Each structure stands twice: as C-alpha cells, then as structure tokens.
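This is what each chain is made of:
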Number of protein chains: 2
Amino acid sequence: MAHREIKDQTYPQFARIGAALSSERRLELIDLLAQAPRNVEALAQEAEMSVANTSQHLQALKAAHLVETERDGTRIVYRLAGEDVLALWLALRATAEAQLPEVGEIVRNVGAANGSAGHVDRAELSDLVRAEDIVLLDVRPRLEFDHGHIPGALALPIEELSDRLSELPTNKRFVVYCRGSYCQWADEAVALLQRNGFDAARVEGGWSEWAGEHRTKANGDSADVGHERDHGEIRRQVI
Amino acid sequence: MAHREIKDQTYPQFARIGAALSSERRLELIDLLAQAPRNVEALAQEAEMSVANTSQHLQALKAAHLVETERDGTRIVYRLAGEDVLALWLALRATAEAQLPEVGEIVRNVGAANGSAGHVDRAELSDLVRAEDIVLLDVRPRLEFDHGHIPGALALPIEELSDRLSELPTNKRFVVYCRGSYCQWADEAVALLQRNGFDAARVEGGWSEWAGEHRTKANGDSADVGHERDHGEIRRQVI
DNA sequence: CCTTTTGTCAAGTGAGCACTTGAACACTTG
DNA sequence: CAAGTGTTCAAGTGCTCACTTGACAAAAGG
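First, a word on scope: everything that follows refers to the structure included in this document. (Residues numbered from 1 in each chain as written. Chains lettered and ligands numbered in written order. Predicted model: local features only at pLDDT ≥ 70, side-chain atom pairs only at ≥ 80, totals over all residues.)

Glancing now at the overall build of chain A. Secondary structure summary: chain A contains 11 helices and seven strands in total. In chain A, buried positions account for 41% of the 239 residues. Put simply, 64% of the contacts in chain A that link residues at least 6 apart link residues at least 24 apart. (Helix = DSSP H or I, 4+ residues; strand = E, 2+ residues; numbered from the N terminus. Buried ≥ 20, exposed ≤ 12 C-beta atoms within 10 Å, placed from the backbone. Contact = placed C-beta atoms within 7 Å.)

This part is about unusual backbone geometry. Positioned with a positive phi, A:H65 is a non-glycine residue whose angle comes to about 60°. Judged by the 23 C-beta atoms lying within 10 Å of it, A:H65 falls in the buried class.

We now examine the pairing of strand β2 (residues 67-72) of chain B. All names here are of chain B. Where β2 lies against strand β3 (residues 75-80), six bridges are found, and the strand directions are antiparallel. The residue of β3 that forms the bridge with E68 is R79. Taken together, β2 and the strand that follows it, β3, pair antiparallel across an intervening segment of two residues, in which G73 is found at a positive phi of about 65°. (Pairing = 2+ DSSP bridges.)

What follows deals with the interface of chain B and chain A. With 46 residues of chain B at the contact, the number on the chain A side is 46 residues. When contributions to the side of chain B that touches chain A are tallied by element, the ones reaching two or more residues are α1 (3-20), α2 (24-33), α5 (83-99) and α6 (101-113) of chain B. Element by element, the count of residues in the side of chain B that touches chain A is highest for α1(B), at 14 residues. The class makeup of the residues in the side of chain B that touches chain A is 26 nonpolar, 13 polar and seven charged. (Nonpolar A, V, L, I, M, F, W, Y, C, P; charged D, E, K, R; others polar.)

In this structure, B:Y11 sits in helix α1. In contact with B:Y11, not counting residues within four places along its chain, are A:E24, A:L27 and A:E28.

Let us look at the nonpolar core. In terms of nonpolar packing, the biggest core is built from 127 residues, with A:L137, A:V176, A:A186, B:L137, B:V176 and B:A186 touching the most fellow members. If we skip the residues at most four places from it in the chain, A:V176 touches A:L137, A:V139, A:A186, A:A189, A:V190, A:A200, A:R202 and A:V203. (Core = buried A, V, L, I, M, F, W, Y, C linked by C-beta atoms within 7 Å.)

Quick look at the relation of the copies chain B and chain A now. The two copies are related by a screw motion: chain B maps onto chain A through a turn of 180° and a shift of 0.0 Å along the axis, at an RMSD of 0.0 Å. In short, the pair behaves as if placed about a two-fold rotation axis. Relative to the rotation axis, the C-alpha of B:G18 is the closest in chain B, positioned 2.9 Å from it. (Least-squares fit on C-alpha atoms with pLDDT ≥ 70 in both.)

Residues and elements named next belong to chain A. An order of β5-β4-β6-β7 is seen for the four strands of this open sheet, with the pairing classed as parallel. One side of each edge strand has no neighbouring strand; the edge strands of this open sheet are β5 (154-155) and β7 (199-202). For strand β4 (residues 134-138) and β5, the ladder comprises two bridges, and the chain directions are parallel. Bridge pairing links D138 to A155 in β5. Strand contacts of helix α10 (residues 185-195): β4, β6 (173-177) and β7, with the helix running at about 170° to β7, the strand carrying the most contacts. (Axes fitted to C-alpha atoms, helices over the stretch in contact; angles between N-to-C directions.)

Another aspect to go through is the protein's contact with DNA strand C. Taken together, 19 residues form the shell around DNA strand C, and within it A:N39, A:V40, A:E41, A:S55 and A:R75 come nearest. For the surface near DNA strand C, the secondary structure elements donating two or more residues are α3 (40-47), α4 (51-63) and β3 (75-80) of chain A together with α4 (51-63) of chain B. In terms of residue count, α4(A) provides more of the surface near DNA strand C than any other element does, five residues in total. (Near = placed C-beta within 6 Å.)

Around DNA strand D sit 21 residues, and of these B:N39, B:V40, B:E41, B:S55 and B:R75 come closest. Those elements that place two or more of their residues in the surface near DNA strand D are α4 of chain A together with α3 (40-47), α4 and β3 of chain B.

Residue and element names in this part refer to chain A. Between its first and last C-alpha, helix α2 (residues 24-35) extends 17 Å over 12 residues, near the 16 Å set by a 1.5 Å rise per residue. With 10 of 12 residues buried, α2 lies mostly within the body of the structure. Taken together, the buried positions of α2 are E24, R26, L27, E28, L29, I30, D31, L33, A34 and Q35. (Expected span 1.5 Å × (residues − 1).)

Written out as structure tokens, the structure reads:
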C-alpha cells in the first residue's frame, strides 16, 4: 500500500472526528455526557436546544463513533463511546485554554470572582479524604453523582445546599467539586459555605478532570473506578 | 456571570479548535508540522496541494492559534503553536483508532504487511540505547531529524539506506523509527535491512508519539528535550 | 389495540466552507 | 531601487451544514 494511499484512507477518518468536534452544540453535549449518560430530552433541556436539533447532533456524534446508545424502555440513553473520548475532550479544552487568549481570560475572570480561596490539588484529594481531614462535597445533580464520583465524596447538590447547612459539622474543612474547571457550582458552594462561617475550598478542576486522570488504561470495559453505585440514597448525616 | 453566559462565551472558542481539526488537509498539515517546522511551499509539496490552498488552510490553523509563523528571509515558516497541539493531535488519532473500525483495520493491515518483526516498546528505548545493545536509526528526512530526534538516534534517511548498507555494522541489532504509527518508512527500512541479513525491528510508534510522551510539562519554552541541534552533519561511521 | 411518550426522519432555507484562478503584496537580493 | 521569490488576497462556484417545522416510527401501558 503506497504512502499516499494510506493517507487518503486514514485522514478522512481523522477528519470525521474533527468534524464532530467542530460544533459548539455537539461539544456541549459531549461535556454533559462526560458527567453521566442521559436521554435525548434531558440533553436537549440542559443544553437549551430543541429536541429535534439535539437528536440530529447526537446522531452526528454517533456517526463519528464518539457516543453510543442504549434503549431504556421508551427512551434512548446516550453515553460517551469510550474513555478516549473524554481524554480527547479534555485535550481540546486544554489546548483552547493554553492557546486562545479569550478562554484564558474567562478562566481568570471566573477564578477571580471566586474569593480565591486556595484551590485543592486533585492529587492530594485521596489522602485528605482517607485521613478524614476534610469533608469532600460533590455538588452536582444527583444523577451525575450516582453515575460516578470521586471516592469518599458526599452528594450534596447545589440546590439543596442552602437548605441543609444545619446538617453540616462546624469543625471540619470542606472541599467542594462539581463538573470541571468551567463549572461554577463549586465556587458558588464555597462562597455560600464561607458566608456561613464554614471553612471551605474548591477542588482544582472537577469530576471530568478526575475521571480523565483515573481512567482505566485498559481498553476493556471499566473497572468501575469511582463508579460504585453505592449510596443512591444520599447520606444525610455528614460525618 | 451566569452559567449560560459562560457557556455562550467558552463553547464557541472550543468549537474554533474543533473546526480547525475538521479538515483532512489541515490535519495533514498539523501532522507534518509535528515533525518539523516548514514553509508554505514545502508543506504544499508534501501534502500534494496547491500553494494557495495550503496557505489558506494554514491561516485557518493560525486563526485557531494552533500554529505560529516566523519569517525567515523571503519565506514564512509555520510551526505548531505549542506542545498542547501535538497532544491534541495524538488524542484525536488515538480516538479514531479506538473508535473507528476503519482505522483500526488499516493499522492492522499495515502491521501485518510488515514481517511482524516484534515492535520495540518506546519506554525501553533509552535503556537499550544507553547500554549500546542496539543501534537506533531515524529514517526520516534530515530536516526532521535536525529539528528533533530521540536521543542517541542516528540519522539515516530512508532514501539513502539502500546505498549505505555497507557502512552498517553486522554484529548489532537495529531498531528503526520514523514519523509515527501511520508512517511506513520504518517498516520499509526494517524489511530492507532484514533482506540484507541484518537484525532489525521497528519502534512502536515514532517521533510524534515519543515527543508527546516527553513533552516539557512546563508551559514555558521548551527545555529542548531531544532537540539538541548537534549533528546537522550526519555521522557516516555508525558505531 | 389504541393512546401516549419519546425520538427520528424529510424537506426547505439561509449561511458558510473548500478549492481554483489571477492579481497583489512583502521582503530580499542584485 | 528594480527584479524576483514566496506568500497572501479577492472573487467566484459548487457543495455541505445548521436549524426549523411538521410528519412519522417504536415501544409502553392502560
């Protein structure tokens, strides 16, 4: 097989992936699916677009083999097709952040809006949790927590936080995370906690970054790292 | 800043990067630039497209901040804008290989065409070179070798190989690499060497994969790993 | 079996992209 | 400063893509 022949066969395939990543909307769908699988309607609602349009973008992603489907009764659940896809999405975001001044600026603005309460490095998280030095809070929607979370984290969706402050211990340090670097929920939670006298900080990044770092290197199916479907029922007594 | 507002500002930026990756031609240009910086004409020639078209694609890449330019006398030299870009390209290829059956098949076919002479893992390379157990051959064009190569490698462009077999020692094992997984030069070199009675094997992947693994984590300018501009003059006496 | 829910398809419109051609530009070198 | 490279620009054509609307399909459940 000649060199040009191989190029003519492989590059169009690579471009299929690239084309799938060329739409704002599709990237948002990928980002949502990186948190948890969802059906079309749920995705449409979260991404604020019409169901028909969402469906068509999802099929574009499916044609590029970036997502897979599974039927669940009357609804169809989409999920990322593999760990590679998450890694690719993170690589794209990293490049955008490093190369596009506009993105870097937004990140800095958001970071500054937050009280700059020192971010906790993801690498030290597991040690901190194990030593019970901190309480690790996952403030994402319960659906996403249930699909996967950082080991030792407690589910406390951001909408419930203000109503449940009284349940929290006052002698512990809180470390909060949400979807990822571009998710503000953790910042909001930290701000709320601090306003109420708690010691709180956010994790650097969030679930998608954690999942990207701890992805099962094997190509086979996940070893379910951080995917224990344990407390679908959320522990109300923290500590 | 509201959540939707942040999304409306960041996702279009991410999509800029994605759109830049959506064209077969642009990906080929990125792949070439991953080996070494080049001017427009050289890129046009290697990618087998018109100069004007090449220029326009390069400007699209530049608009997405994936490449940078520098003037060198009368010509303009393009190069990748950062290590991130290489990582992104590798991630895209990895995803294509894992998710698209067509690509996996091509890789397997090419791998089978090669005498399946056990591939050498990149990780053990540096040890092998240091122990002088092997001779590491870089069969890419000299321009690319000069821009960067695996430490300890000798430049022996594929076109010169057949004329210079007599210079090679017969008591050593040869390990060959070229641009990367989708480059066949190393396979061709191994085949030629074996036909002439040499002990030869190819490296798993090639320069782009090596560079991706050994990229300077720092965002600052390169510490020139593997970029010693040492022997622009190629050592003719191997060993 | 017929209704409801959920997702997909088909057609149509407007915008945007890829490639070609020929001209213009920028910088170097004589 | 003129001639000559090497690169970019501008205009034009044909194709592809995004989104909307309204109709259609597939399974669940009374």
